[in-house]
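Breakdown of the fold
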Amino acid sequence: MSGEIEKTKMHPSNTMFAGWSPALQMYVMNKRENYSFCDYSDYYEISEDTYNHFCDEGFEPEPVRLLFSGNPLCALEGVQKEFHDVFYAIKK
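Position labels on residues start from 1 in each chain and follow its written sequence. Residue-level local features of this predicted model are given only where pLDDT is at least 70; pairs of side-chain atoms are given and counted only at 80 or more, and the full residue set underlies all totals for whole chains, interfaces and linings. Calculation of side-chain values draws on the structure's entire complement of heavy atoms; hydrogens and water are dropped beforehand.

**Let's talk about the side chain of T50**
- Strands here are runs of E lasting at least two residues and helices are runs of H or I lasting at least four, both read from the DSSP assignment and numbered beginning at the N terminus. Relative to the assigned elements, T50 resides in helix α1 (residues 48–52).
- Residue contacts follow a heavy-atom distance rule, with two residues in contact if any of their heavy atoms lie within 4.5 Å. With near-sequence residues (within four places) excluded, T50 lies in contact with F59, P61 and E62.

Structure, rendered in structure tokens:
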């Protein structure tokens, strides 16, 4: 289930989507970011309530915590690396 997100919803801003991650066993939000000429995504844990209201017009999702970042300038370490590796099913 590498990198899969089920029951996805696109936010009206078209810069975020959310869904259930079977690998992490939690609701996650993927938020598209931009750095110079590079687009990347940050992944956040969100609550079930946030997921349920994700597509409501004017709703601003409140993440629980940053799980990991796809920023090419940031090296993943510690807990962020663990979440990344579980999400993408990377074996150690």
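On we go from here.
**Details of the packing of aromatic side chains**
- Any pair of Phe, Tyr and Trp rings, taking the six-membered ring for Trp, is counted once the centres come within 6.5 Å. Such a pair is stacked with planes under 30 degrees apart, edge-to-face with planes over 60 apart, and tilted for the rest. Tallied over the full model, the rule gives seven aromatic pairs.
- Ring centres of Y43 and F68 lie 4.7 Å apart, and the angle between their planes is 20°; on these two criteria the pair is classed as stacked. In this pair, Y43 sits in strand β4 (residues 38–46) while F68 sits in strand β5 (residues 65–69), placing the two residues 25 residues apart along the sequence.
- Each residue's exposure class comes from its accessible area (1.4 Å probe, protein chains only) as a fraction of the maximum for that residue type: buried when under 20%, exposed when over 50%, partly exposed otherwise. On the basis of relative accessibility, which here comes to 2%, the residue F68 falls in the buried class.
- Members of the aromatic cluster, connected to one another through ring pairs, are Y43, F68, F87 and Y88.
- Above the ring of Y51, the side-chain terminus of K9 is found at 4.2 Å from the ring centroid. Here, a charge over a ring means that NZ of Lys or CZ of Arg falls within 6 Å of the ring centre while also lying within 35 degrees of the ring normal.

**Structural notes on helix α2 (residues 78–87)**
- Taken together, the buried positions of α2 are F83, D85 and F87.
- Those residues of α2 hidden inside the fold are in contact with β2 (16–21), β3 (26–35), β4 and β5.

**Remarks on the sheet that holds β4**
- The pairing criterion for strands is at least two bridges between them, as found by DSSP. Spatial ordering of the open sheet is given by β1-β2-β3-β4-β5, a layout of five strands whose pairing is antiparallel. A single partner strand is all that each edge strand has here, and the edge strands are β1 (6–10) and β5. For this sheet, the mean inter-axis angle between neighbouring strands, taken without regard to orientation, is 25°.
- Here nine bridges tie β3 to β4, and the two strands are oriented antiparallel to one another. In the strand pairing of β4, E33 is matched with Y40.
- α2 rests against β2, β3, β4 and β5 of the sheet, and its axis sits at about 70° to β5. Each axis is a line fitted through C-alpha atoms, taken for helices only over the stretch in contact, and angles between the N-to-C directions span 0 to 180 degrees.

**Quick notes on unusual backbone geometry**
- Of note in this structure, K7 is not a glycine but carries a positive phi near 55°.
- Here K7 shows up in strand β1.
- We note that Q25 has phi near 60°; this positive angle belongs to a residue other than glycine.
- Positionally, Q25 belongs in the loop between β2 and β3.
- For Q25, a relative accessible area of 53% gives the class exposed.

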